[in-house]
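Residues per chain are reported as follows:
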Amino acid sequence: FATRKVLSSIVSGLIIMSTNMFRVGEWIKYNEMFGRIEKITFFNTQIRSPQGEEHIIPNDRITSSEITNISHGRFRNDVLISVDYESDIQDVIEICNNEVEKLVEEENNYISGYQPASVKDFEDSSIRISLKVWMDTPTPSIINKSQTEVFDRVKKRLEDENVDIPYPQRTVSYRDGEE
């Protein structure tokens, strides 16, 4: 049984290395894990999370699971903002699109494109809007910088336009005859 497990890991290591499903230095999502490939051997793959955790995963587990390699091609980050129910949704969407479009046009920005903003869902005390921004180089620091820049720009513009970003709140009501 032990020999079979070792052979399975070696064959899986050969598959990983020969198919180029990912390479050292690339960023992947594996199960609930996100990290950068540090090392690939015949037996295991080492992944380092953005928090610095090192995960060593047997290759046979990796090849039998779904992996997302975000280093290949463009990456879309959905930035979510919330606005008050009293807000004019079409105005909010236009503001969001205008601000993201300005970011795309600026030089030295990590955002390479966007899709028009849309309503994501209705929360207890707000309407959530999704801003979909694209990046060509999706490392954690670039994703975070881009998201922070989008939040900063949109928040300032919404404040200038007197659009409220609500705090979570609850309304307590009683039925007739109850107190």
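Participant: How do you make sense of helix H4 (residues 140-160) when you look at a structure like this?
Facilitator: For an α-helix, the turn length of 3.6 residues means that residues three or four places apart are oriented alike. For H4, built from 21 residues, the straight-helix expectation of 30 Å at 1.5 Å per residue is met to within 8% by its first-to-last C-alpha distance of 30 Å. In this structure, the buried residues of H4 make contact with strand E1 (27-30), strand E2 (33-40), strand E6 (75-83), helix H3 (89-105), strand E7 (111-122) and strand E8 (127-135). Directly after H4, the chain includes Asn-162, whose backbone phi takes a positive value near 60°.

Participant: Would you mind going over the pattern of salt bridges with me for this structure?
Facilitator: Side-chain pairs of opposite charge can arise where the charged atoms are in close proximity. For the coordinates displayed, the defined rule picks out twelve salt bridges. Close ionic contact of Arg-128 with Asp-121 constitutes a salt bridge, the shortest N to O distance being 3.3 Å. A residue is classified by how much of its surface remains accessible, and Arg-128, at 23% relative accessible area, is partly exposed. Taking relative accessible area as the criterion, Asp-121 reaches 24% and is therefore assigned partly exposed. Here Glu-149 makes a salt bridge to Arg-153, at a shortest N to O gap of 3.2 Å. Of this pair, Glu-149 and Arg-153 both sit in helix H4, four residues apart, which is roughly one turn of the helix. We classify Glu-149 as partly exposed; its relative accessible area is 29%. Within this structure, Glu-99, Lys-102, Arg-157 and Glu-161 form a network of salt bridges that share partners.

Rules and cut-offs
- Residues numbered from 1 in each chain as written.
- Predicted model: local features only at pLDDT ≥ 70, side-chain atom pairs only at ≥ 80, totals over all residues.
- Heavy atoms only, no water.
- Helix = DSSP H or I, 4+ residues; strand = E, 2+ residues; numbered from the N terminus.
- Expected span 1.5 Å × (residues − 1).
- Contact = heavy atoms within 4.5 Å.
- Salt bridge = Lys/Arg side-chain N within 4 Å of Asp/Glu carboxyl O.
- Buried < 20%, exposed > 50% of the residue type's maximum accessible area, 1.4 Å probe, protein only.

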